Structures are given as structure tokens and as C-alpha cells.
Amino acid sequence: MALDLQAVTKRVGQITYIKPTSLMLEPGRFNVLLGETGSGKSSLIKLMAGLDRVASGRIVMDGQDVTGMSPQKRNISLVHQFFVNYPQMTVFDNIASPLRVAGMARSEIQGRVEAAADVLQLRPMLKRRPHELSGGQQQRTALARAIAKESTAVFLDEPLANLDYKLREELRDQLPELFAGRGAVVVYATSEPAEALMLGGWTALMSDGQVTQFGPTAEIYRNPNTLTSAKVFSDPPINSAAVVKQGTTARLAGGAEWTLTGKAADLADGSYTVAIRPNYVSPLRLAEGHVAMTGKVLVTELSGSESSAHFAMGDGAWVSLAAGVHPYRVGEDHAFFMDPNRCFYFAPDGALVA
Amino acid sequence: MRKVNHRGWFFVLPVLILVAFNALVPMMTVVNYSVQETFGDNVFFWQGLDWFQQILRSDRFHAALGRQFLFTGMILAIEVPLGVIIALAMPRQGFWVPVCLVTMALPMLIPWNVVGAMWNIFTLPDIGLLGYFLNHTLGINYDMTQDPVAAWATIIVMDVWHWTSLVVLLCYAGLVSIPDAYYQAAKIDGASNWSVFRYIQLPKMKQVLTIAVLLRFMDSFNIYTEPFVLTGGGPGNSTTLLSIDLVKIALGQFDLGPAAAMSLIYFAITLLVSWLFYTLMTRNDIR
């Protein structure tokens, strides 16, 4: 039941929305499409769903070429960011609508709708109309429709974006479990790195109409293949700066320097880009060997359990994210310490080298 | 002790004055005439509800009211579905959108009496483009100054030409506000065009359509200028609609009392039908 994208592209006139993209999405997995707004997540989903035609490439579903096939024949479901339900129909009819179009027997429709409603706790709402439901219930109705349909592939295009914080958390926890064991290819698009990490499964990073990296979520979080991938999968944004390697010494433009070990020490001398996640830049010296740097604090944010500080060093902007509350003074210099073992090194072309 | 801000009244005053002069004072004048008889010289005699009884019992009023409902019914039956169909057929994006919108809006920009005069000349049997074509090219005997059916057909076609655009534009505004996501969902479900119309477009158009029907009802029910210029209520009384009859009574016969009573009845009918329709259409709405 796999969904296989083979070098698909999407162009409208002169504008390229999707550059050649290949992805092999296995059934039963929770696949996350992670990328900023405008990176092509929705465009790719529309191609997979058959709502848009590919400019080139092939889409193979379950061993069958579906490239030119209409969305109706692909047996898929799509849940949108907006709550899309038929306004005049009850929740029951909304969930049943694709089954009715497919000409299913009345008794079977009844069973499937009720089963889906039970999973999504919609039993008491079956007779209501969408406008009588809360946003969360409306979106659960849309999800129930996808489940009742027993689609081969389910596409969730930022389905939680319009829900408030509490509902979003609640539904997000349920989602992977909801589709587990149904044997469908599930694709979930989001612009939030934290959401991808919480959902687990596999993640495809998207940037500028391209999938830059695809693999088990935790694995690609730990090992970004390019600077672009590292940037996509980091919130707050990953720190990156030009670094010059000479012998076993790395030196930043801001003056900080440290001794390279392991793979990084074996690199040829020259210029690289170093990147480090904000949580490995701390206002405290957490261990011997952490690299001291001084920066002018620009902005600070406090969340209670964590403090973040944006600071300027050399001609770059850096972010530190540390547990606890720290007494920053905006506009003044402050010492920060970074863990050199957590640094990624990228070649000038953006590829990870160490 | 509560402090009352009396200066607040000054902010309401302009509206009060405006409403008073715009609606209340003329309305009360009409009420005044409707219950009294006058022979000029500003002398009035109390008549009670006599004029109302006279109007409500008069065959002439019943006939005009019947013609009015027939006219309005035909207008709504033609313009509303036609407007919806045209709105559905209009492009949603691209070069042709402004072209269609401007073309649609054009008839509505023409003054009512000009529309009447235009169609009058247009349909004259010997010199009008349409009249000549029908009579001399197609050989159909068409003369709206002689034949009641032709007269009716002409005022109906004229109104459809003049006002269908209003329904089109309102429905079009409703249609373009439907997010693409709904059409995508329907496409994935494999819903037919009819289902898309019935379950997505129509419910989403309901509010603008309600407004469109209300506006067209009120306008066509109160129509005066166009048929007055086109047929003058004739031939005979065949196209004497309520407002034309009202003007005949008030200004032709100078029966101010009956005319005032008829105005109030006319107003009450318009109000009642509009209220009924709006209440029925919105009774299931939450918002």
C-alpha cells in the first residue's frame, strides 16, 4: 500500500512550486512533512492527492501508477487547516458522505460511521450540524470522515493550526494512535519542528519546493544532512556562523576558538560553517572545555522553565536557550558558553562534513 | 448616586432629526390624510377607517394587487434562478473577471426612466429595432401598445434585463468567498456537480441569496418608473401595477384620502412579506 513519488515536479507557467522530488512513504507509518510556510508542503500534498497534476514524474500507489488518476479514484482523504464540513449536513451525514457517494450499503455505512465516531468521541454529536460544534469537534468530524472511509492514504494539511492550544495538544497526542494499525499511508504537514518531534514517526524536511532530508524523525534531528535541513528542523533557529579551521583549531569571526576533535579535526584546513542548536549555548559554563564567547544581549524571552537570549557576536546573531531564569540585561555584554561536541560543520556548499 | 451623562443625547440627535424628516414626518402626513377628508383650504373632516374599508373592498385595488403579485412572482421566478446560473458560469479568476463584472453592472447604472424610454423605442413595431425585427422579419404580430400579452412580456423582459445583474453580483460574491478547500473535499469524495451545488454552493450562498430575493421583491413590488414610461399602465389597465394605480388615484383623481389609505396598505403588505420571508429564511441560523 506504499505511496511512491518518483521525481515529481509541479510548475505553473514559469514558476516552479515543486522541484524534482522522490519519496517512498510506507503504510502504517506516521509521516511528517516539515517546512516553513511556502516551502511546498501543501503543493506536494495536492500532487499526492491528485488535486493538482504533476508537471513531470510518476506517482505510484500500491504498485499502481496513479499519476493521471482523479482524486476520487485514488481512495484518499484530506483534512485541511480549515474545518471543511458540509454545512447543511449533520455530523453523521458528513462522515457518511464519501461512503454514500461510493454506493455502500446502508447498514455498513451505519456501522462504519459509528465506529469512527466512537474513536473520535463524536457519538453524542452525530445529529448536530457543523455550526453547532466547537472547532475541535468540527476537525474531529473531518478526521472521522477520513477514518470511516478507510482510505489508502490520509493527508493532514496542518490540521491543528486553527485550534487553540489545549485542543491542539490533546488531538496531537491522539493522532498517531488514531491511524496506527489502519495500514494507511499517513502524511501530516506542519511548520512547527516541535510538532514533528512530538509526533515521532518519520519526517521529511521541505525547503524551497524540495525534500532535503527524509528519515526517522529523531535520527534526522540528530544528523541533519545539510545546513538547510538543520535550519528547517530547529526552533528557535539554529545558530550558524563562519568558522576557519587551521590545524586542529577552529576560530569564529567573533574571536572564540576551540580545539577540534574526531571527524572535524581531520577536515582540510579552510572555511566552513559551524552550526549549533540554541540549547547547547548556555549562559553558564556547564563543563570544562565549553567554549566561552561574549555577546551583546539584544532580546530576552522567559518562559518560566527556560530563558532564551538573542545576542550579537561579531557580525552574527546568536540565540541561547537554557533551563532556569537568568538575569540578562538587554544592551549589555554577557558571557555564553557553547558545547563544542554538539557542533555541526558544513562545507561551503552546505553539505554536512562533521 | 449614578451620574447621568446628558450630553450623550447630543450624539444621538442628528440621527433622530434625520430619521424624523426622512421617515417619520412624511409617514405621519400620509397617516393624517388616510383618516380624514379634505376639500382644500386646509379644512379636514374626520373619516375614521372609511378609506381603508373602501380600498380593501374595491375591485380595482384587488385587480392591481393581483397584477402586482403576478409581476413580482414572475420577476423572482425568472431573475433568481437565472442570476444563480449566470453567477455559477462566471469565471472565478483571470482576465475575464473584470470584463464580466463590468458588463453585468452596466444595466444597473442606467436611470430607471431611461430604461423605460429605451425599451419603449426599442420595441416600437415600425421603428424600434426589436419591434421591427419581430413584426417585419419574423412576421410575429407584436405591439405592446395594443396587446396585453406583448405588454407584459415586454415589462418582464425589461426588468430581467435591468435587474438580473444584481442577483448575479450578489451570488458571485457569495461564490468566490467559498474556500477552495470545500471544492477539494468534494472532489476527493467524488461528489457530482449537483451535489457540489446543493451541499456546498447553495448553503454558502444562502445569506446573499436571501438578501438578493428581498431586494428584488421590494424593488419589483414597488416598481413604478419603468412600466410607467414603457406602457403607462396600458393597454387598458392590463399593466397597471399597484404604484401606477396609486399615482392615478392620488394625482390623477386627487383622492388624497383613499390614496393615503392605499399607500399604508401597500406599505404594510411589502413589510409583512419581507418580514415573513426573512424570518423563514433565517429561523434555523445560529448566527
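Residues numbered from 1 in each chain as written. Chains lettered and ligands numbered in written order. Predicted model: local features only at pLDDT ≥ 70, side-chain atom pairs only at ≥ 80, totals over all residues. Heavy atoms only, no water.

### Here we look at the interface of chain A and chain B
Using the following cut-off: Two residues form a contact once any of their heavy atoms are found within 4.5 Å. Two parts placed together each lose some accessible area; with a 1.4 Å probe, that loss summed over both constitutes the buried area. Salt-bridge detection follows one rule: a side-chain nitrogen of Lys or Arg within 4 Å of a carboxyl oxygen of Asp or Glu. Whenever a nitrogen or oxygen atom comes within 3.5 Å of another N or O atom, the pair is scored as a polar contact, on the condition that within protein one atom can donate a hydrogen and the other can accept it, and that pairs from neighbouring residues in sequence are kept only if both atoms are in side chains. Under the scheme applied here, ten amino acids are nonpolar (Ala, Val, Leu, Ile, Met, Phe, Trp, Tyr, Cys and Pro), four are charged (Asp, Glu, Lys and Arg), and all others, including Gly, are polar.
Taken together, the 22 residues of chain A in the interface contact 17 residues of chain B. Sorting the residues of chain A by area buried against chain B places Leu51, Tyr86 and His131 of chain A first, and these three jointly supply 29% of that buried surface. Inspection of the region where chain A meets chain B yields zero salt bridges. Where chain A packs against chain B, one counts four residue pairs in polar contact (both at pLDDT 80 or more). Classifying every residue of the side of chain A that touches chain B by side-chain character gives 12 nonpolar, seven polar and three charged.

### Notes on a nonpolar patch on the surface
This is how it is decided: Patches were defined on residues exceeding 30% relative accessible area and lacking a salt bridge, with like-charge contacts within 9 Å and nonpolar side-chain contacts (Val, Leu, Ile, Met, Phe, Trp, Tyr) within 5 Å. Accessible areas in this description were obtained via Shrake-Rupley with a 1.4 Å probe; residue shielding takes into account the shown protein chains only. Helical segments are the DSSP runs of H or I of at least four residues, strand segments are the runs of E of at least two, and each set is numbered from the N terminus.
A cluster of nonpolar residues, Trp9, Phe10, Phe11, Val12, Leu13, Leu16, Ile17, Phe21, Leu24 and Val25 of chain B, forms a patch on the protein surface that exposes about 1,100 Å² of accessible area. By the secondary structure assignment, Phe21 of chain B is in helix H1 (residues 8-34).

### Some details on the environment of Ser43 of chain A
All names here are of chain A. Basically, it comes down to this: Only protein chains enter the accessibility calculation, which uses a 1.4 Å probe. A residue is then buried if its area is under 20% of the maximum for its type, exposed if over 50%, and partly exposed in between.
Following the sequence through the fold, Ser43 ends up in helix H1 (residues 41-49). Judged by relative accessible area, which is 17%, Ser43 ranks as buried. For the pair Ser43 and Leu25, spaced 18 residues apart in sequence, the C-alpha separation works out to 17 Å. Apart from the residues lying within four places of it in its own chain, the contact partners of Ser43 are Tyr17 and Ile18.

### As for the layout of surface pockets
All names here are of chain A. Selection criterion: Here a cavity denotes a set of grid points, spaced 1 Å apart and computed over the protein atoms alone, in which a 1.4 Å probe fits but from which it cannot get out, and a pocket denotes an open set meeting protein on both sides within 12 Å along at least five of seven lines; residues with an atom within 4 Å of a point are reported as lining. Grid points are joined across faces, edges and corners, and a volume is the space filled by probe spheres set on the points.
Put simply, the second largest pocket is a space of about 440 Å³. Together, 22 residues line the second largest pocket, and Gly40, Lys41, Ser42, Ser43 and Lys46 are the ones closest to its centre. Mapped onto the lining of the second largest pocket, the elements with two or more residues apiece are strand S2 (15-25) and H1. It is H1 that contributes the most residues to the lining of the second largest pocket, four residues altogether. Taken together, the residues that form the lining of the second largest pocket break down as two nonpolar, 11 polar and nine charged.

### Here's the deal with the nonpolar core
Nonpolar side chains in soluble globular proteins tend to end up buried together. Rules: Put simply, a nonpolar core is a bunch of buried Ala, Val, Leu, Ile, Met, Phe, Trp, Tyr and Cys residues held in one set by side-chain atoms that sit within 4.5 Å of each other.
Of all hydrophobic cores here, the largest spans 47 residues; its most connected members are Phe61, Cys171, Ile200, Phe221, Leu242 and Met262 of chain B. Within the residue set of this core, elements represented by two or more residues are helix H2 (50-57), helix H3 (59-89), helix H4 (96-109), helix H7 (148-176), helix H8 (180-189), helix H9 (193-221), helix H11 (242-252) and helix H12 (256-282) of chain B. By residue number, the principal contributor to this core is H9 of chain B, which donates nine residues. Discounting residues that sit within four places of it in the chain, Cys171 of chain B has contacts with Val84, Ala87, Met205, Val208 and Leu209 of chain B. In terms of nonpolar packing, the next biggest core, distinct from the first, is built from 42 residues, Leu122, Ala142, Leu163 and Val186 of chain A among them.

### Overview of the packing of aromatic side chains
To be explicit about the condition: Between the rings of Phe, Tyr and Trp (Trp by its six-membered ring), a pair exists once the centres lie within 6.5 Å; its type follows the angle of the planes, with under 30 degrees stacked, over 60 edge-to-face, and the other angles tilted. Here, a charge over a ring means that NZ of Lys or CZ of Arg falls within 6 Å of the ring centre while also lying within 35 degrees of the ring normal.
In the structure shown here, the tally under the stated rule is 17 aromatic pairs over all chains. Judged by centre distance (6.4 Å) and plane angle (20 degrees), the ring pair of Phe311 of chain A and Trp318 of chain A falls under stacked. Residues Phe311 of chain A and Trp318 of chain A agree in their burial class; the two are buried. Between Phe217 of chain B and Phe221 of chain B, the ring centres sit 5.1 Å apart and the planes meet at 25 degrees, which makes this aromatic pair stacked. In this pair, Phe217 of chain B and Phe221 of chain B are both assigned in helix H9, four residues apart and thus about one turn of the helix distant. Here Phe217 of chain B and Phe221 of chain B have matching classes, each one buried. The residue whose ring lies beneath Arg29 of chain A is Trp202 of chain A, and the NZ or CZ to ring-centre distance is 3.6 Å. Looking at Arg277 of chain A, its charged tip hangs above the ring of Tyr221 of chain A, at a distance of 3.8 Å from the centre.

### Some words on unusual backbone geometry
In this model, Asp235 of chain A is joined to Pro236 of chain A through a cis peptide bond whose omega is 0 degrees. Within the fold, Pro236 of chain A resides in the loop between helix H8 (227-232) and strand S11 (239-246).

### What to know about H12 of chain B
Residue and element names in this part refer to chain B. Cut-off, in case you're wondering: For a helix, the expected span equals 1.5 Å multiplied by the residue count minus one.
The end-to-end C-alpha distance of H12, which contains 27 residues, comes to 39 Å, matching closely the 39 Å that a straight helix rising 1.5 Å per residue would cover. For H12, the set of buried residues is Gly257, Pro258, Ala259, Ala260, Ala261, Met262, Leu264, Ile265, Tyr266, Ile269, Thr270 and Ser274. Packing partners of the buried residues in H12 comprise H1, strand S1 (36-38), H2, H3, H9 and H11.

### Concerning the packing of H8 of chain B against H9 of chain B
All names here are of chain B. To be explicit about the condition: An axis is simply a line fitted to the C-alpha atoms; with a helix, the fit covers only the stretch in contact. Between two such axes, the angle follows the N-to-C directions and lies from 0 to 180 degrees. What sets the label is the angle itself: under 35 degrees gives roughly parallel, over 145 gives roughly antiparallel, 65 to 115 gives roughly perpendicular, and the rest give oblique. With the far helix as reference, a near helix turned anticlockwise by less than a right angle produces a left-handed crossing, and one turned clockwise produces a right-handed crossing.
Close contact between H8 and H9 brings their axes to 11 Å; oriented N to C, the two are set at 165 degrees. On the basis of their axis angle, the class for H8 and H9 is roughly antiparallel. Crossing handedness for the pair H8 and H9: right-handed. Of H9, the residues touching H8 (which contributes Tyr182, Tyr183 and Ala186) are Val196, Ile200, Gln201 and Lys204. Split into classes, the residues belonging to the contact of H8 with H9 amount to five nonpolar, one polar and one charged.

### Digging into the domain arrangement of chain A
Residue and element names in this part refer to chain A. Here is the rule we go by: Note that domain bounds follow an automatic or database assignment of domains.
One can read the domain layout of chain A as domain 1 (3-232) and domain 2 (239-346). Inter-centroid distance (C-alpha atoms) of domain 1 to domain 2 is 38 Å. With seven residues of domain 1 at the interface, the matching set in domain 2 holds six residues. Both sides together, the interface formed by domain 1 and domain 2 hides about 550 Å², and carbon and sulfur atoms give 65% of it. Broken down residue by residue, the surface that domain 1 buries against domain 2 is led by Tyr221, Pro224 and Leu227, which jointly contribute 70%. Connecting domain 1 to domain 2 are one residue pair in polar contact (both at pLDDT 80 or more). If you list the elements that add at least two residues to the side of domain 1 that touches domain 2, you get helix H7 (217-222) and H8. In terms of residues, the side of domain 1 that touches domain 2 owes the most to one element, H8, which gives three residues. A breakdown of the residues in the side of domain 1 that touches domain 2 according to their chemical character gives four nonpolar, one polar and two charged.

### Regarding the sheet that holds strand S3 (residues 30-34) of chain A
Residue and element names in this part refer to chain A. The criterion, for reference: Pairs of strands are assigned from DSSP output, requiring at least two bridges between the strands.
Pairing within the open sheet is mixed, and its six strands lie in the order S6-S7-S8-S3-S9-S10. Two strands in the sheet have a free side with no partner beyond their single neighbour: strand S6 (76-79) and strand S10 (210-216). Taken pair by pair, the neighbouring strands of this sheet meet at an average axis angle of 15 degrees, ignoring direction. Looking at chain direction, S3 and strand S8 (residues 185-190) are connected through five bridges and run parallel. The residue of S8 that forms the bridge with Phe30 is Val186. Running over the sheet, helix H4 (residues 135-149) touches S6 and strand S7 (153-157) and is turned about 170 degrees from S6.

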